[in-house]
Amino acid sequence: MKPVRVVTLCWVLLLVSRLGATRKESPEEASFYYGNFPLGFSWGVGSSAFQTEGAWDQHGKGPSIWDTFTHSRKGNVLGDETADVACNSYYKVQEDVALLRELHVSHYRFSLSWPRLLPTGIRADGVNRKGIQFYSDFIDALLKSNITPIVTLHHWDLPQLLQAKFGGWQNVSMANYFSDYANLCFEAFGDRVKHWVTFSDPRTMAEEGYETGHHAPGLKLQGTGLYKAAHHVIKAHAQVWHAYNDTWRSQQQGLVGISLNCDWGEPVDLSNPKDIEAAERYLQFCLGWFANPIYAGDYPQVMKDHIGRKSAEQGLEMSRLPMFSLQEKSYIKGTSDFLGLGHFTTRYITERNYPSGQGPSYQNDRDLVELVDPNWPDLGSKWLYSVPWGFRRLLNFAQTQYGNPLIYVTENGASQKLHCTQLCDEWRIRYLKGYTNEMLKAIKDGANVKGYTSWSLLDKFEWERGYSDRYGFYYIDFNKKNRPRYPKASVEYYKRIITANGFPNTREVESWYFKALEICSINNQMLAAEPLLSYMQIVTEIVVPTVCTLCILIAAVLLMLLLRSLS
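Residues numbered from 1 in each chain as written. Predicted model: local features only at pLDDT ≥ 70, side-chain atom pairs only at ≥ 80, totals over all residues. Heavy atoms only, no water.

**A short note on the sheet that holds strand β12 (residues 449-455)**
Spatially, eight strands are ordered β2-β3-β4-β5-β6-β8-β11-β12 in a closed barrel, and the strand pairing comes out parallel. Strand-to-strand, the axes of this sheet are offset by a mean angle of 25°, without reference to chain direction. Strand direction decides the pairing type here: strand β8 (residues 339-342) and strand β11 (residues 407-411), joined by four bridges, are parallel. Within β11, the position partnered with Leu-341 by the bridge is Val-409. Relative to strand β5 (residues 195-200), helix α11 (residues 225-252) is tilted by about 165°, and along the sheet it contacts β4 (148-154), β5 and β6 (255-261). In the packing of helix α18 (residues 489-500) onto the sheet, contacts are made with β2 (42-46) and β12, and the angle to β2 comes to roughly 155°. (Pairing = 2+ DSSP bridges. Helix = DSSP H or I, 4+ residues; strand = E, 2+ residues; numbered from the N terminus. Axes fitted to C-alpha atoms, helices over the stretch in contact; angles between N-to-C directions. Contact = heavy atoms within 4.5 Å.)

In structure tokens:
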């Protein structure tokens, strides 16, 4: 989830002119499909540990690279915010489980905090038993409510010591430390957790952490650092899959996959072979970068060709894209029981050659430009536009590209449009309706999608954006110490989709929308009345007892005076 590179006016004009000349709205974009999802389809919501838990230094938790990144210097995060408290979910487990029950979801995707379980990141240095107990109790609470846990092992919050001592994902030794951590999780929770995600959106983790420096650990190793980090992440994923397969699978009967995020890339001009090639290249540099080694044993050929050629032109003896040995290719291929797919928006793609002399970078290696249609609905975040039809195309692409894998949609959602308290999030309802319907169409096309995770349960800490972007079904007032949760209109709408397991008919689906807005209007009024209610509570808790006490004292004085007069 990151902003797109800014395009110049000339490129915008090019987009408008070429789109007008070459494209028309296709039937699938214009039609809405009424029907049901397959029986047993799993509906859920998601979150991650660092973004929600808080309690950053409590009960034995060690620091993560994101703790260091947010505490180290001003300017790393918008408003210099931290996630020290975040949603305070560490102390609000039962409340959050109640919200999940209210939503009627069948699964909850969340991540474990590596430094909460292993404070230094190294198992040999000791296990934090309080961390083990916290997650064990949380998993039990979910299962008691008939909610399936889908557990991510690593969602960007690497233990700080591993970064400081070894250089984090720049060091191949991370694979062994990660495997030790994963085996601890399988041992502690694998009797109850049957769906494991090794890494969440490793592409963004590598690019923003080791190329642009916008994310922790904040390194700017342009054109090299991200490829090296990704290489080690892929090896670590494979090692953990094999560990589960060899040691735990026969006993626990679970699944291990990876969650990869990618926007859809559509050629600007469908009659231009160069635009078609650029759009394919966009998808391979995005999704194929990680999926191709896992499903085919090696990086996409187009990545090897482009990065290899540019590396040679830059005077390097070897490609900046690392190579897998034959043994590694065989070891990595086939290491996924399901493909987790995250998706938020779409880009139009056209070719643009960047001279190698500009220096190495991921953006230049791709030789393309990302564009947006000015007519697409703008959801508020600079990078996120509502383009539902791209979701169907991405799901179909994954289905054909990787041999019809079992797919779980692991992230899909829209951020808040207004920077104010807004419970009537009708734009999120439209986004949710459009994207889930395109997913239904993809399933009818043949995509083997078994579950959908909407992002996210709560408003939360959004990395370098702080608390400015809100993706939650539940609004959180971050100015209040207890972090109260308030349901948005989308809660009611999503609940209706889940209960119906799809879209029954026009009349019923339209009624969901009006019912959701009606409920949120009531909730907005209650929220607006909270200051008055708080004042009345103060009156009740302080003023009334004080007045009563004064009355008693006055009565006692009057009684004493009466007794004196009688005597």
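**Digging into the environment of His-155**
Relative to the assigned elements, His-155 resides in the loop between β4 and α8 (160-166). Considered as a pair, His-155 and Tyr-135 are 20 residues apart in the sequence and their alpha carbons are 15 Å apart. Non-local contacts of His-155, meaning those with residues more than four positions away in its chain, are made with Ser-48, Gln-51, Arg-109, Ser-111, Ser-200, Glu-411, Trp-455 and Trp-463. Side-chain polar atoms of His-155 contact the side chain of Ser-200, separated by 3.2 Å. (Polar contact = N/O pair within 3.5 Å; in protein donor to acceptor, adjacent residues only side chain to side chain.)

**As for the sheet that holds strand β9 (residues 346-351)**
Here three strands make up an open sheet; going across it, the order is β7-β9-β10 and the pairing mixed. The open sheet is flanked by β7 (264-267) and β10 (368-371), the only strands paired with a single partner. In this sheet, adjacent strand axes meet at a mean angle of 40° when their direction is disregarded. Helix α12 (residues 273-296) rests against β7, β9 and β10 of the sheet, and its axis sits at about 125° to β9. In the packing of helix α16 (residues 389-401) onto the sheet, the strands contacted are β7 and β9, and the crossing angle to β7 comes to about 100°.

**Describing the environment of Lys-235**
Secondary-structure assignment places Lys-235 in helix α11. C-alpha separation for the pair Lys-235 and Glu-328, spaced 93 residues apart in sequence, amounts to 8.1 Å. Among residues more than four places away in sequence, those in contact with Lys-235 are Val-172, Phe-324 and Glu-328.

**Quick look at unusual backbone geometry**
Leaving glycine aside, a negative phi is the common case for residues, and trans is the common case for peptide bonds. Across the junction of Ala-216 and Pro-217, the peptide omega takes the value 5°, indicating a cis bond. One can find Pro-217 in the loop between α10 (202-210) and α11. Along the chain, Trp-455 connects to Ser-456 via a cis peptide bond; the corresponding omega equals 15°. If you check the backbone angles, Asp-80 has positive phi at about 55° while not being a glycine. Inspection of the secondary structure assignment puts Asp-80 in the loop between α4 (65-72) and α5 (93-103).

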